[in-house]
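# Coordinate inspection notes
Listed below, chain by chain, are the residues.
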Amino acid sequence: MATNALSSALTLYGARTLTLEQAATQAGVSEAEFVRQLERRGIEVTEAERSAAFESDHTARAD
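Residues numbered from 1 in each chain as written. Predicted model: local features only at pLDDT ≥ 70, side-chain atom pairs only at ≥ 80, totals over all residues. Heavy atoms only, no water.

### Considerations on the packing of aromatic side chains
Applicable threshold: Note on aromatic contacts: the rings of Phe and Tyr and the six-membered ring of Trp form a pair at centre separations within 6.5 Å, being stacked when their planes are under 30 degrees apart, edge-to-face when over 60 apart, and tilted otherwise. Numbering goes from the N terminus for both helices and strands, where a helix is a DSSP run of H or I of at least four residues and a strand is a run of E of at least two. Note on classification: 1.4 Å probe, protein chains only; a residue is buried when its accessible area is under 20% of the maximum for its type, exposed when over 50%, partly exposed between these limits.
Tallying each qualifying case throughout the model produces one aromatic pair. Measuring from ring centre to ring centre gives 6.0 Å for Tyr-13 and Phe-34, while their planes differ by 85°; the resulting arrangement is edge-to-face. Here Tyr-13 is found in helix α1 (residues 3–14), whereas its partner Phe-34 is found in helix α3 (residues 31–40), with 21 residues between them in sequence. Neither residue differs from the other here; Tyr-13 and Phe-34 are each classed as buried.

Okay, structure coming up:
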């Protein structure tokens, strides 16, 4: 995981400059992994965003 890309994406998401999807893409990780990184750092994630991220993660793995 690219530390600078992740750090930048976390900052921009925290400021609500990027959506969760945009920030995860910028960081080069799945939305579910990005949510885990946000939660580790105490950055607020709405329940709707969290659910959607983990739903899409499970759907992607079902293939």
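We are not done yet, so read on.
### Comments concerning the packing of α1 against helix α2 (residues 20–27)
Any two packed helices are characterised by how steeply their axes cross, that is the angle between the axes, and by the distance between the axes. For clarity, the cut-off: Here an axis means a line fitted to C-alpha atoms, over the contact stretch when the element is a helix, while the angle between two N-to-C directions is reported on a 0 to 180 degree scale. Orientation labels follow simple angle bins: below 35 degrees gives roughly parallel, above 145 gives roughly antiparallel, 65 to 115 gives roughly perpendicular, and whatever is left gives oblique. Handedness of a crossing is defined here by the sense of rotation of the near helix relative to the far one, left-handed for an anticlockwise turn of less than a right angle and right-handed for a clockwise turn. Contacts are residue-level and defined by heavy atoms, with any inter-residue pair within 4.5 Å sufficient. Ten residues, namely Ala, Val, Leu, Ile, Met, Phe, Trp, Tyr, Cys and Pro, are considered nonpolar, four, namely Asp, Glu, Lys and Arg, are considered charged, and the remaining ones, Gly among them, are considered polar.
Running from amino to carboxyl end, α1 crosses α2 at an angle of 165°, the nearest separation of the two axes being 8 Å. The angle between α1 and α2 places the two elements in the roughly antiparallel class. Considering the relative orientation of α1 and α2, their crossing is right-handed. Across the interface between the two elements, Ala-5, Leu-6, Ser-8, Ala-9, Leu-12 and Tyr-13 of α1 pack against Leu-20, Ala-23, Gln-26 and Ala-27 of α2. For the contact of α1 with α2, the residue count by class is eight nonpolar, two polar and no charged.

### With respect to α1
Rules: One fewer than the residue count of a helix, multiplied by 1.5 Å, yields its expected span. Directions pointing from the helix axis toward each C-beta atom define the arc.
Here α1 is twelve residues long and its end C-alpha atoms lie 16 Å apart, about the 16 Å a rise of 1.5 Å per residue gives. All of the buried residues in α1 are Leu-6, Ala-9, Leu-10 and Tyr-13. What you see down the axis of α1 is that its buried residues fit within an arc of 100°, all on one side. Exposed residues on α1 whose side chains face more than 90 degrees from its buried face are Asn-4 and Thr-11.

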